[in-house]
Amino acid sequence: MKALEAYNLKKTFRRNKQNVPAVKDVSLTIYPGEILAFLGPNGAGKTTSIKMMAGLIQPDSGSVRIVGKDPHRNASALQNLGAVLEGNRNLYWRLTPEENLEYFGVLKGLNRREARLAGRDLLERFDLLAKRHTPVEQLSRGMQQKLAFAVALVHRPKLLLLDEPTLGLDVEATEDVKILVREIAATGCAILLTTHQLQIAEILSDRIAIIQKGEILAEAPTQKLIQQFSGTAYKIEMETALDETRIIELETIGLEIESRRFIYIDRPELLYKVLAILQPLPIQSVAKEQANLTEIFLQIVKQGNNIND
Ligand SMILES: Nc1ncnc2c1ncn2[C@@H]1O[C@H](COP(=O)(O)OP(=O)(O)OP(=O)(O)O)[C@@H](O)[C@H]1O
């Protein structure tokens, strides 16, 4: 069963008597245990899409299913949904972590005892047990964010929506959140996350969807996207400078040698011929030129057309 299905979502806002087309056409599917990074420039329509998926904004057209149920028609769909949408605002600041977990657990349909037990379990897992009686307003931002995750998970949802989960967190708290996201996915929960920190998306996600001006431009498994945008060239770095004889040999097989320390091989079938010529000189490194997500993102957004077409 798919954890999330969104089909052809569309939303236009009305502002100052003008139409603002926030989401024009967004379709996404996420499977249990999968992490999908939903990326796009400011104003691309990520938050509006997520709010439609969470049942908070009614789409003009299109449909959403959370584990098969439509959150806009069937409130029980929300039993399978957890969301941390605007930082840690899903918390009551005057209440303690324990009280928040119990309150939201009951709100999501657990009885008091179940909510307390599930809450305790999450406090332990998220390393917040020592702070369980401290009012939320006195916790650090990283702790508040972890608690926001815990509250979103207290009823064991099958889908977790995270909008900018690491926004404003320091390096250590960001690492904690990354680990948590992985752990949550490992329990079979599907996760959709938006982030402007592309290295986080690259490390965490199984799949990436890129949205611009309300439309999905690219959607692919993260590694496939990186491979697709990576060249096939190799770069060899020598420990010592190449001698004249070898340079001539390398040029004879078709390479252009511009440096005595670095060799670029743009035809990958030549790699082993080159290595044979270099033998037995010491090599510092042999690397395939790999794109990173930031380059890919910028390239896709700059082209602005759908690479899946
Ligand atoms: N309630 C609203 N009323 C009018 N326009 C809105 C409303 N919410 C969003 N918009 C507009 O819709 C467009 C998409 O906004 P949205 O917040 O979904 O983008 P986003 O991709 O989440 O951006 P960011 O990365 O900056 O958070 C923007 O032009 C925004 O100004």
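For clarity, every value in this text was computed on a predicted model and none was experimentally measured.

Before we go on, may I ask you to explain the site of the ligand in this structure?
Within the structure, the ligand sits among Phe13, Arg15, Val20, Ala22, Gly40, Asn42, Gly43, Ala44, Gly45, Lys46, Thr47 and Thr48. Elements supplying a minimum of two residues to the shell around the ligand: β1 (4-15), β2 (18-30) and α1 (46-53). Partitioning the shell around the ligand into residue classes produces four nonpolar, six polar and two charged.

So what exactly am I meant to see when it comes to unusual backbone geometry here?
Most of the time, phi is negative for any residue but glycine, and the peptide bond is trans. Each neighbour pair has its own omega, and for Gln279 with Pro280 the value is -5 degrees, a cis peptide bond. Mapping Pro280 onto the fold places it in the loop between α9 (271-278) and β12 (283-288). In the Ramachandran plot, Asn16 falls in the positive-phi region, its phi being about 45 degrees despite a non-glycine side chain. Relative to the helices and strands, Asn16 is located in the loop between β1 and β2. Not every positive phi belongs to a glycine, and Lys17 is a case in point at roughly 60 degrees. Structurally, Lys17 is set in the loop between β1 and β2.

It is not clear to me how the domain arrangement of the chain should be interpreted in this structure. Could you clarify?
Note on interface size: it is often stated as the accessible area lost on association of the parts. When the domains of the chain are assigned, the result is domain 1 (4-227) and domain 2 (232-288). Each of domain 1 and domain 2 has a C-alpha centre, and the two are 48 Å apart.

Where do I start with the nonpolar core in this structure?
A general feature of soluble globular proteins is that nonpolar side chains tend to end up buried together. Counting 73 residues, the largest nonpolar core has Leu4, Ala150, Ile191 and Ile210 as its most contacted members. Top element by residues in this core is helix α4 (residues 141-153). It accounts for eight residues. Core analysis: the second largest hydrophobic core is formed by five residues, Leu250, Ile265, Val274 and Ile277 among them.

Sorry if this is basic, but what is going on with the pairing of strand β8 (residues 207-212) here?
Walk down a regular strand and you will see the side chains alternate between the two sheet faces. Burial within β8 is extensive, with six of its six residues counted as buried. Alternating residues of β8 divide into Arg207, Ala209 and Ile211 and Ile208, Ile210 and Gln212, and every residue in both groups is buried. Where strand β3 (residues 35-39) and β8 come together, four bridges link them in parallel fashion. Following the sheet pairing, Ala37 is matched in β8 by Ile208. In this sheet, strand β9 (residues 215-221) lies alongside β8 in antiparallel orientation, the contact comprising six bridges. Following the sheet pairing, Ile210 is matched in β9 by Ala218.

Conventions adopted
- Residues numbered from 1 in each chain as written.
- Predicted model: local features only at pLDDT ≥ 70, side-chain atom pairs only at ≥ 80, totals over all residues.
- Near = placed C-beta within 6 Å.
- Helix = DSSP H or I, 4+ residues; strand = E, 2+ residues; numbered from the N terminus.
- Nonpolar A, V, L, I, M, F, W, Y, C, P; charged D, E, K, R; others polar.
- Domains from an automatic or database assignment.
- Core = buried A, V, L, I, M, F, W, Y, C linked by C-beta atoms within 7 Å.
- Buried ≥ 20, exposed ≤ 12 C-beta atoms within 10 Å, placed from the backbone.
- Pairing = 2+ DSSP bridges.

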